[in-house]
Amino acid sequence: MPKRKLHPLPAAAFQILLSLVGEDLHGYGIMRQVAAQTDGRMRLGPGTLYSSIQTLLEGKFIEEVDVREDANLGQERRRYYRLTVAGRKLARSEAERLAGLLRVARTKKVLRGEYV
Amino acid sequence: MSEKIYAWLLRLYPSRFRETYGDEALQLFRDRARDERGFFPQLRLWSDLIGDLANSLPGEYLHIQPGVVGASAQPRFAGIPSFFFVREELPRPGALLFGCMMSLLTLTAIWGSLNSAGNYRAVRRLASRQSPGPSTSTQQPLPQLRPMDAAATMPAVTENGKLDTAEKQRVINGAINNLKRHYVYPDAAQKTAESLLVHEMNGDDDPITDGAAFARLLTSQMRDASDDMHLEVVYSEAPLPEHPSGPTAEDLERYRQAMEQGNCTFEKVEILPHNIGYLKLNSFPDPSVCEATARAAMNRLNDVDAIIFDLRDNRGGEPDMVMLMAAYLFDHPEYMYNPRENTTERSWTRSPVPGNRLADKPAFLLTSRSTASGAEHFSYDLKMLKRATLVGETTAGAAHSGVWHRIDEHFGMGITETKPINPFSKTDWAIVGVEPDVTVKAADALKTAQKLAVRRLQKR
């Protein structure tokens, strides 16, 4: 049975890692944060969201912290996720890879602007 | 309501995913549904969900891994296999129901296909009910059953399928009685009967113990004595019914449906280059069902300059349809010889057909070794009348014009009881078939006929 792959890192997994930088979030929180940081272009559905979360958990790039209520969203208890050190490293290496790509794009005049 | 729909959709995911994240997925749905109100946001929500389902579902099933719930308690050593227990899941009630439905559907489909195969046999029997095909036990329509003879009550075959002398004697006596009683030529009947007895006394029949071989031997003895190719004895392994019933209303309805579905076996009605009409007709179906189809086909070809009838796959059918089709090729009533029927007014075509323009157009018939019975009736007469050019192979030679008489449970015979006038020759197509005017392989017949037609049209 093939294992889930994180190499290359899927866009959804990368966005989830980014959304968890700085704060712990529950599923819906992650979804909203991802939508905000992509200007609404990426709205993660439950299937994609939780299968990505499962993959990241298996790789120990994120971890479950606790189960509690979100004061803004009523009485329901929600599972919160937190970025691990490995997760932060993974996000950084992906960002660097993208930055490298961006540099190539600029030297080839595909994209204008400053070097990153 | 919409939450219920989504909960139902979630059931499409593997059980492990549902157990771990099912509640959260549903919770996320509730959150979004609460926050995104209004027609367009709801529309966007559902399009997101459907897209998400399509994206993530295959992945979930691809990565499904059974959880390990137990392992061997023994320590593991290199090279020694150890055993793990994977978690077993009870199928969901829905899955069980689905399985039941699929099994039922499959069984119904198998039953249906078996049943329709049965119908096919019925249709075959029906289609040949006036023109029996090769004399096998499944194709013995011949409804004109005559009173049985004394021998009819005695089985002629022993348990192991071998014939003994007494049984052979009974079959021969039955055949002789039938000949004397029913054969249309009394002198020949006497001569044939004597010949059968002489053969028996000479011990010619002794070495034979097989039913089919015995039937063939008697057939050849009768044909030698009478010079009549329509006399035959037939052996049937399956018991022959004492009073074969005619087709039932249900049989007729099935026949009608089969004919309607198959366009009455008018497989192709086309106009080929040089304005040559081409009709591929695979039987001569019952006009009471197929007259309209036949007339429509002929009307479509009414303006062609030459016509080709493709009878290579035609194994016969109803004499009435033979006469109906032939009527288009004449501008006056024409006598068509049919060894099965006494000469009556039905022996003349009902020509001219109003509005028909084919009466003086060159006609070609394509024949093969499979062209049989009614198709040979059509071919033989049109050839003898020099109305059509036959292209292809010598036909099957299936006249089977005798009237059926049951001798006993396994033997029956065909006896000529009609005396139609054959104005063309002493013999017809029985056994020998109809020879084509131009002999080519059946596969090349169409091409050859087209060339001949073009040449004929250029000469005009």
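Cut-offs applied
Residues numbered from 1 in each chain as written. Chains lettered and ligands numbered in written order. Predicted model: local features only at pLDDT ≥ 70, side-chain atom pairs only at ≥ 80, totals over all residues. Helix = DSSP H or I, 4+ residues; strand = E, 2+ residues; numbered from the N terminus. Buried ≥ 20, exposed ≤ 12 C-beta atoms within 10 Å, placed from the backbone. Contact = placed C-beta atoms within 7 Å. pLDDT = per-residue confidence, 0-100. Core = buried A, V, L, I, M, F, W, Y, C linked by C-beta atoms within 7 Å. Axes fitted to C-alpha atoms, helices over the stretch in contact; angles between N-to-C directions. Parallel < 35°, antiparallel > 145°, perpendicular 65-115°, else oblique. Left-handed = near helix turned anticlockwise from the far one by under 90°. Nonpolar A, V, L, I, M, F, W, Y, C, P; charged D, E, K, R; others polar.

1. Observations concerning the overall build of chain B
- Looking only at helices and strands, chain B has 12 helices and 11 strands in total.
- Per-residue burial for chain B yields a buried fraction of 37% across its 460 residues.
- Partitioning the intrachain contacts of chain B with sequence separation of at least 6 by distance along the chain shows that 73% fall at a separation of at least 24.

2. A short note on helix α10 (residues 319-327) of chain B
- The buried count for α10(B) comes to 8 of 9 residues, which makes it a mostly enclosed element.
- Looking at the buried positions of α10(B), the neighbouring elements they touch are α9 (287-300) and α11 (374-384) of chain B.

3. What about the confidence of the model for chain B?
Residues and elements named next belong to chain B.
- Put simply, chain B has an average pLDDT of 82, and 83% of its residues get 70 or more.
- Low pLDDT, under 50, characterises residues 118-156; the predicted model gives this stretch 85 contacts beyond four residues in sequence or across chains.
- ipTM for the predicted complex: 0.87, alongside a pTM of 0.50.

4. Thoughts on the nonpolar core
- Of all hydrophobic cores here, the largest spans 56 residues; its most connected members are I307(B), I308(B), F309(B), A326(B), F364(B) and L366(B).
- Core analysis: the next-biggest nonpolar cluster, separate from the first, contains 31 residues, L25(A), Y28(A), Y50(A) and F61(A) among them.

5. Overview of the confidence of the model for chain A
- Here chain A shows a mean pLDDT of 87. Residues at 70 or above account for 91%.
- Confidence scores differ between elements of chain A, with strand β2 (residues 62-69) of chain A showing the lowest mean pLDDT of 90 and helix α1 (residues 11-19) of chain A the highest of 94.

6. Some thoughts on the packing of helix α1 (residues 2-10) of chain B against helix α2 (residues 15-35) of chain B
Residues and elements named next belong to chain B.
- One way to put it is that α1 packs onto α2 with a least axis distance of 10 Å and a crossing angle of 150 degrees. Looking at the two axes, α1 sits roughly antiparallel to α2. As for how α1 packs across α2, the hand of that crossing is right-handed. On α2, the residues that touch S2, E3, Y6, A7 and L10 of α1 are R18, G22, A25, L26, F29, R30 and A33.
- Residue composition of the contact of α1 with α2, grouped by class: 7 nonpolar, 2 polar and 3 charged.

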